Amino acid sequence: MKPIIITTAITGAIPRKKDNPAVPITPTEQIESTHAAYEAGSALVHIHVRDAQENPSSSPELFAQVQEGVRKHCPGMIIQFSTGGRGREASQRGASLYLKPDMASLTTGSCNFPTQIYENDPAFIEQLCRSMQTYGIKPEIEVFDVAMLYNAIALAKNGLIAEPLHVQFVMGVKNAMPVRRALLEFLLSELRALCPTATWSALGMARHQLEVNRWCLELGGHTRTGLEDNVRFDKTRLAASNAELVQLVAEAAAEYDRRSATPAEARSILGLAE
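Residues numbered from 1 in each chain as written. Predicted model: local features only at pLDDT ≥ 70, side-chain atom pairs only at ≥ 80, totals over all residues. Heavy atoms only, no water.

Remarks on helix H2 (residues 60–73)
The end-to-end C-alpha distance of H2, which contains 14 residues, comes to 20 Å, matching closely the 20 Å that a straight helix rising 1.5 Å per residue would cover. In this structure, the buried residues of H2 make contact with helix H1 (27–40), strand E3 (44–47), strand E4 (49–50), strand E5 (56–57) and strand E6 (78–81). (Helix = DSSP H or I, 4+ residues; strand = E, 2+ residues; numbered from the N terminus. Expected span 1.5 Å × (residues − 1). Contact = heavy atoms within 4.5 Å.)

Dropping the structure here:
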């Protein structure tokens with residue numbers, strides 16, 4: 001059975017307790033939620049942090065607390081920091097990279113979000129690339145729109161990202177890339193043609209989460225779930241935890257002759273040190 005790396009996006013920048021009480025906000029909540037997801041089969045955690053008012057934060061102290069707790073309670077789990085832009089100044093978005101997480105997100109272009117521009121200008125992208133190189137961090141390329149894939153490949157050719165790349169296709173953010181199977185298959189064909197050593201993952205927002213999870217299981221990639229992208233278990237109720245969403249993917253995997261990757265397997269697949 002081919003292993004699939006299940007990433008858990010535990011918190012994000014948007015959902016709040018009023019949307020789902022299970023959204024983990026404090027470092028303690030985030031560590032506990034990550035541990036439950038780890039036990040359910042997740043090998044990689046994608047981390048945003050929040051301040052005491054639940055607003056997105058770039059605080060290195062908060063990132064450090066979560067990273068320390070995850071390393072202690074989830075042996076071998078891959079830790080990925082977000083460098084995303086909602087509510088965070090550009091000058092702050094890479095401020096925690098000196099903590100040397102295993103991975104960090106890297107969006108290789110700008111696009112529209114529901115109510116704002118997600119701005120990532122070329123100079124800023126290059127700055128993040130160089131910081132990740134300095135601290136030995138593997139980028140996860142976040143592709144919110146088609147051009148971002150080609151931008152990432154160009155960055156690799158120019159020596160700013162080490163190959164093999166790891167690419168994540170983000171589908172279903174309003175005003176960005178829609179959730180379409182044909183579009184994902186096109187992007188995969190381009191990735192295989194232009195960067196055949198790359199690994200890939202995909203996510204679907206909100207009600208599309210499990211649908212895209214299943215596409216990834218079928219097409220041989222990896223996938224992401226979690227309360228950042230979707231606060232519901234199904235249309236009848238809210239998700240009880242991040243772990244419950246991970247369990248949906250883990251249970252579906254057997255239908256496609258897949259199984260959850262262990263942290264050691266995930267590190268091997270992504271070329272990360274144990």
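Structure shown, so let's carry the discussion forward.
Notes on the environment of lysine 2
Position of lysine 2 among the secondary structure elements: in strand E1 (residues 2–4). Once the C-alpha coordinates of lysine 2 and aspartate 19 are considered, the two residues, 17 residues apart in sequence, prove to be 35 Å apart. Discounting chain neighbours no more than four positions away, the residues touching lysine 2 are Gly220, Asp257, Arg258 and Arg259.

A look at unusual backbone geometry
Residue proline 164 follows glutamate 163 across a cis peptide bond; omega there is 5°. With respect to the element layout, proline 164 can be found in the loop between helix H4 (147–157) and strand E11 (166–171). Non-glycine residue glutamate 54 carries a positive phi angle of around 75°. According to the relative accessible area criterion, glutamate 54 is buried, its value standing at 18%. A positive phi angle, near 80°, is found at asparagine 175, a position not held by glycine. Of the residues examined, asparagine 175 reaches a relative accessible area of 46% and is grouped as partly exposed. (Buried < 20%, exposed > 50% of the residue type's maximum accessible area, 1.4 Å probe, protein only.)

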